[in-house]
Amino acid sequence: MSRSLERPALAFVALALAALALLAAPAAAQQKQGRKFPELGRAATAAEIKGWDIDVRGDDGKGLPKGKGSAKDGEELYAQHCAACHGVFGEGEGRWPEIIGGKGTLTSADPRKTVGSYWPYAPTLFDYVRRAMPFTMPNSLTADETYAIVAYVLSINDIVPDTAVLDETSLPKVRMPNRDGFLVGDPRPDVKAEPCMTKCRSEAPRVTSDLAQRLGVTPGRPSE
Amino acid sequence: MNEDRSEVARRVAAMERLRPSRRGFMKVAAAGGAVAAFGGPDIKRALAAGENLPPNVPEWMKTLGPGVTASPYGAPSKYEKEVVRRNVGWLTASEESSINFTPIHMLEGIITPSGLCFERHHGGVPEIDPAQHRLVIHGMVARPLIFTMDDIVRFPSVSRIMFLECPANGGMEWRGAQMAGCQFTHGMVHCCEWTGVKLSTLLAEAGVAKGAKWLLAEGADAAAMTRSIPLDKALDDVIVAYAQNGERIRPEQGYPLRLMVPGWEGNVNVKWVRRIKLGDKPWHHREETSKYTDLMPDGTARQFTFVQEANSVVTFPCPERPLDGKGTYEIRGIAWSGRGKIKRVDVSLDGGDNWRSAQLQEPVLSKALVRFRLPWKWEGGPALVQSRALDETGYVQPTIEQLRKVRGVNSIYHKNAIHTWRVNPNGKIDNVQIA
């Protein structure tokens, strides 16, 4: 091969490479731009994110998947997947958590915090059931099944009628009874104590509780 | 609080009704745990036999011990087998969503050995292959990114000694003294050295979008644990940690990757973290509405009460470690504050009438345990032993009465009251509450 022939050929290859680089440049440059350690990690693909992006926001339902389910279908699915632990009517089998009832108990000596009495947002139920339930097989229900079960759980809490059909637009509109029960933000420190060092008490200390020694609920310590 | 006893009894009875199998369980727990929990007699018996005591030459000087290959990963002496985490069976329906307790009463200094750190899981401990673990950062960012463990370890690293406390620590005792052991009244806390990359470093790589104010952290466990964390905190001192006390994090503490959120309630320190999503609002997920919210006497609940306020406890003497006759002792304990450094710890022997400041072991680190000590000559009389922590913000640890006055008894979380141990003339130590 003569030099004169070689040159144009090389030039052509170089040009082609440059064109390729130009084509790839926008994405790569955008990706690396502004990064201090561009060689660590890479762009997450849309498909990768889609598979993992399972969260649903409680207050507005952002992230709810397309789908729908009825409380009627939910009854059957609930019986199959949930009732063994939470009871047919959500009352809780044995020591498993109850998910109904408790309305009016939040100020009592024995508050019962359930989906019906305590949870402020309905989409949170979808989020939680999908990510964490059934307890031994999380992340196994389809979107439609989850909507149906959520509709059923809300219906046995008298929050939606048992004819309800819920989907990504209607679920965020369900108003939970304890919607306004939460104070967002931290008012602490809310208890003020004095660092007194001597003669701090006006009267002798009085033991108000020493049941621990007799209650017999401490592992390794039988009751006396 | 005179009716306190019947209060606790009533509460237990109520739990009994709800949980029919508890009694059976307790019997098993009592039978199995009794020997293990309150050790000591074994060693005393061996000593009494005297065959290894002077003037005799001890048997372990007359034979060779095992060599360097016997124990590639060491374990504590067999005589320390009682120093273990313990759980309270009746607290939860399943062991996979449950908690156990650090044996703080048996530990010295401020570092909790990794294998003794209390565990709290909501779906058991996942067995994660680090080669198949990924961290995704997405949402309100300029560049959604995905990292391998190798990527994360290559970033500039930081180490920090910090405590981590479950906000339910002490939560069984809002109404009265229930647990006859320091491990169970205060053992939902540990303190380790954690190493990782600052979350702010990773977020800078992804580029925080304008308007982002919160992030959602999600674990790769069967509970897919999620918590919302304000971005300010995330950019301040949060670490994405891969090492604990020098080695890779223990599986039950989040292997291979977890968040460490200094001074904030344990649950937001999401273990096995696989995803961080930025957004403009919190997510109000189950663990920040149904759980980890503080129910007040008026029926409203406080949400996002993240900080663990100053707390302290005397770890010796305590119910598991009674006094052995009159004489010289050192009162020992731990104190900590989620708002910064502990400034002072006072100890009272008379139920809070008079206090003396204890000695603090240096270094006193921000948002870490600090060890306090006070020499004590016990004359054999009754005493009510208390400790009271003060932190650098001027906050003073309150009494249980002061706490109850503001928060009632239903909040479960964030009980950081001054604790009282009653010393009986026979040296036995009781868990009591006083007014």
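What you see is a predicted model, and the numbers here were worked out from it, not measured in a lab.

A.B. asks: Quick rundown of the overall build of chain B? Include the residues and the values.
C.D. replies: A tally of helices and strands in chain B yields eight helices and 24 strands. Here chain B holds 435 residues, and the buried ones make up 60% of them. Accessible surface computed for chain B: about 16900 Å², of which carbon and sulfur atoms make up 55%.

A.B. asks: Explain the packing of aromatic side chains to me, using residue names and the numbers behind them.
C.D. replies: All names here are of chain B. As enumerated under the stated definition, the model contains 16 aromatic pairs over all chains in all. Measuring from ring centre to ring centre gives 5.3 Å for Phe-101 and Phe-184, while their planes differ by 70°; the resulting arrangement is edge-to-face. Of this pair, Phe-101 sits in strand β2 (residues 98-101) while Phe-184 sits in helix α5 (residues 182-186), and the two are 83 residues apart along the sequence. On the accessibility criterion, Phe-101 (0% relative accessible area) is buried. Take Phe-184: its relative accessible area is 3%, and that puts it in the buried class. Pairwise contacts between aromatic rings join Trp-214, Trp-264, Phe-304 and Phe-306 into one cluster. If you follow Arg-339 out to its NZ or CZ, it ends over the ring of Tyr-395, 5.7 Å from the centre.

A.B. asks: How would you summarise the pattern of salt bridges if you had to cite specific residues and measurements?
C.D. replies: Pairs can form between side chains of opposite charge whenever their charged atoms are close. Residue and element names in this part refer to chain B. Enumeration according to the criterion identifies 41 salt bridges over all chains in this entry. The closest approach of N and O atoms between Glu-119 and Arg-85, which form a salt bridge, is 3.1 Å. Separated by 34 residues along the polypeptide, Glu-119 in the loop between β2 and β3 (120-121) and Arg-85 in the loop between α3 (41-49) and β1 (86-87) bring together distant segments of the chain. Using a relative accessible area of 14% as the deciding quantity, one classes Glu-119 as buried.

A.B. asks: Break down the packing of helix α5 (residues 123-132) of chain A against helix α6 (residues 143-156) of chain A for me, with residues and values.
C.D. replies: Residue and element names in this part refer to chain A. Where α5 contacts α6, the two axes come as close as 10 Å, and the packing angle between them is 125°. As the angle between them shows, α5 and α6 are arranged oblique. Like other packed secondary-structure pairs, α5 and α6 cross with a definite hand, here right-handed. Facing Leu-125, Phe-126, Val-129 and Arg-130 of α5, the residues of α6 in contact are Ala-143, Thr-146, Tyr-147, Val-150, Val-153 and Leu-154. When grouped by side-chain class, the residues that make up the contact of α5 with α6 number eight nonpolar, one polar and one charged.

A.B. asks: So what's going on with a nonpolar patch on the surface? Residues and values would help.
C.D. replies: Taken together, the side chains of B:Val57, B:Trp60 and B:Met61 define a hydrophobic patch exposed on the protein surface, amounting to about 370 Å² of accessible area. With respect to the secondary-structure elements, B:Trp60 resides in the loop between α3 and β1.

A.B. asks: Just give me the short version of the pairing of strand β21 (residues 370-378) of chain B, but keep the residues and values in it.
C.D. replies: Residue and element names in this part refer to chain B. Among the nine residues in β21, seven count as buried, and that is most of the element. In this sheet, β21 lies alongside strand β17 (residues 327-336) in antiparallel orientation, the contact comprising nine bridges. Within the sheet, the bridge partner assigned to Ile-334 lies in β21 and is Arg-371. Pairing between strand β20 (residues 359-360) and β21: two bridges, direction antiparallel. Across the sheet, Gln-359 pairs through a bridge with Arg-373, a residue of β21.

A.B. asks: So what about the interface of chain A and chain B? Which residues, and what values?
C.D. replies: Counting residues at the interface gives 86 residues for chain A, matched by 123 residues for chain B. Interface area, chain A with chain B, both sides summed: about 8800 Å², of which 54% is carbon and sulfur. Taken together, the links from chain A to chain B amount to 13 salt bridges. Ionic pairing is found between B:Glu309 and A:Arg188, a salt bridge with its closest N-O pair at 3.9 Å. Linking chain A to chain B there are 55 residue pairs in polar contact (both at pLDDT 80 or more). Of all elements in the fold, only α1 (3-32), β1 (42-43), α2 (46-52), α5, β4 (182-184), β5 (207-209) and α7 (212-215) of chain A reach the threshold of two or more residues within the side of chain A that touches chain B. Of the residues that constitute the side of chain A that touches chain B, the class distribution is 40 nonpolar, 19 polar and 27 charged.

A.B. asks: I'd love a proper account of the state of the cysteines, names of residues and values included.
C.D. replies: All names here are of chain A. Counted according to the given criterion, the structure contains one disulfide over all chains. Between Cys-196 and Cys-200 runs a disulfide, and the two sulfur atoms are separated by 2.1 Å. Here the S-S torsion is close to -95°, and the disulfide linking Cys-196 with Cys-200 is therefore left-handed. With no disulfide of its own, Cys-85 lies closest to Cys-82 among cysteine sulfurs, the gap being 8.9 Å. Judged by relative accessible area, Cys-85 falls into the partly exposed class, the value being 24%.

A.B. asks: Kindly report on helix α6 (residues 199-206) of chain B, identifying the contributing residues and their values.
C.D. replies: Residues and elements named next belong to chain B. Most of α6 is tucked away, with six of its eight residues classed as buried. Of the residues making up α6, those classed as buried are Leu-199, Thr-201, Leu-202, Leu-203, Glu-205 and Ala-206. Positive phi shows up at Gly-207, right after α6, with a value of about 80°.

A.B. asks: Give a description of the sheet that holds β4(A) that names residues and reports values.
C.D. replies: Two orientations exist for strands paired in a sheet by backbone hydrogen bonds: parallel and antiparallel. With mixed pairing, the three strands of this open sheet are ordered in space as β4(A)-β15(B)-β14(B). Looking at strand neighbours, the two that pair on one side only are β4 of chain A together with β14 (294-295) of chain B, the edges of this open sheet. Here β14(B) pairs with strand β15 (residues 301-303) of chain B via two bridges, running antiparallel. Residue pairing across strands places B:Leu295 opposite B:Ala301, the latter belonging to β15(B).

A.B. asks: I'd like a description of the nonpolar core, backed by residues and values.
C.D. replies: Residue and element names in this part refer to chain B. Counting 40 residues, the largest nonpolar core has Leu-135, Ile-137, Leu-215, Leu-259, Ile-276 and Leu-278 as its most contacted members. Among the secondary structure elements, those contributing two or more residues to this core are β4 (134-139), β5 (145-148), α4 (149-154), α6, β8 (214-219), α7 (231-236), β10 (239-244) and β13 (273-279). When residues no more than four places from it in sequence are discounted, the contact partners of Leu-135 are Leu-145, Ile-146, Phe-147, Ile-152, Leu-202, Val-240, Leu-257, Val-273, Arg-274, Arg-275 and Ile-276.

A.B. asks: So, the sheet that holds β2(B): which residues are in play, and what are the values?
C.D. replies: All names here are of chain B. Taken in spatial order, the three strands of this open sheet run β1-β2-β3, and their pairing is antiparallel. What marks the edges here is a single partner per strand, and that holds for β1 and β3. Direction of pairing for β1 relative to β2: antiparallel, over a ladder of two bridges. Within the sheet, the bridge partner assigned to Arg-86 lies in β2 and is Phe-101.

Definitions and limits used
- Residues numbered from 1 in each chain as written.
- Chains lettered and ligands numbered in written order.
- Predicted model: local features only at pLDDT ≥ 70, side-chain atom pairs only at ≥ 80, totals over all residues.
- Heavy atoms only, no water.
- Helix = DSSP H or I, 4+ residues; strand = E, 2+ residues; numbered from the N terminus.
- Buried < 20%, exposed > 50% of the residue type's maximum accessible area, 1.4 Å probe, protein only.
- Areas by Shrake-Rupley, 256 points an atom, 1.4 Å probe, with all protein chains shown as cover.
- Phe/Tyr/Trp six-rings, centres within 6.5 Å; stacked < 30°, edge-to-face > 60°.
- Lys NZ or Arg CZ within 6 Å of the ring centre and 35° of its normal.
- Salt bridge = Lys/Arg side-chain N within 4 Å of Asp/Glu carboxyl O.
- Axes fitted to C-alpha atoms, helices over the stretch in contact; angles between N-to-C directions.
- Parallel < 35°, antiparallel > 145°, perpendicular 65-115°, else oblique.
- Left-handed = near helix turned anticlockwise from the far one by under 90°.
- Contact = heavy atoms within 4.5 Å.
- Nonpolar A, V, L, I, M, F, W, Y, C, P; charged D, E, K, R; others polar.
- Patch = residues over 30% accessible without salt bridge, like charges linked within 9 Å, V, L, I, M, F, W, Y side chains within 5 Å.
- Pairing = 2+ DSSP bridges.
- Buried area = accessible area lost by both parts, 1.4 Å probe.
- Polar contact = N/O pair within 3.5 Å; in protein donor to acceptor, adjacent residues only side chain to side chain.
- Disulfide = S-S within 2.5 Å.
- Core = buried A, V, L, I, M, F, W, Y, C linked by side-chain atoms within 4.5 Å.

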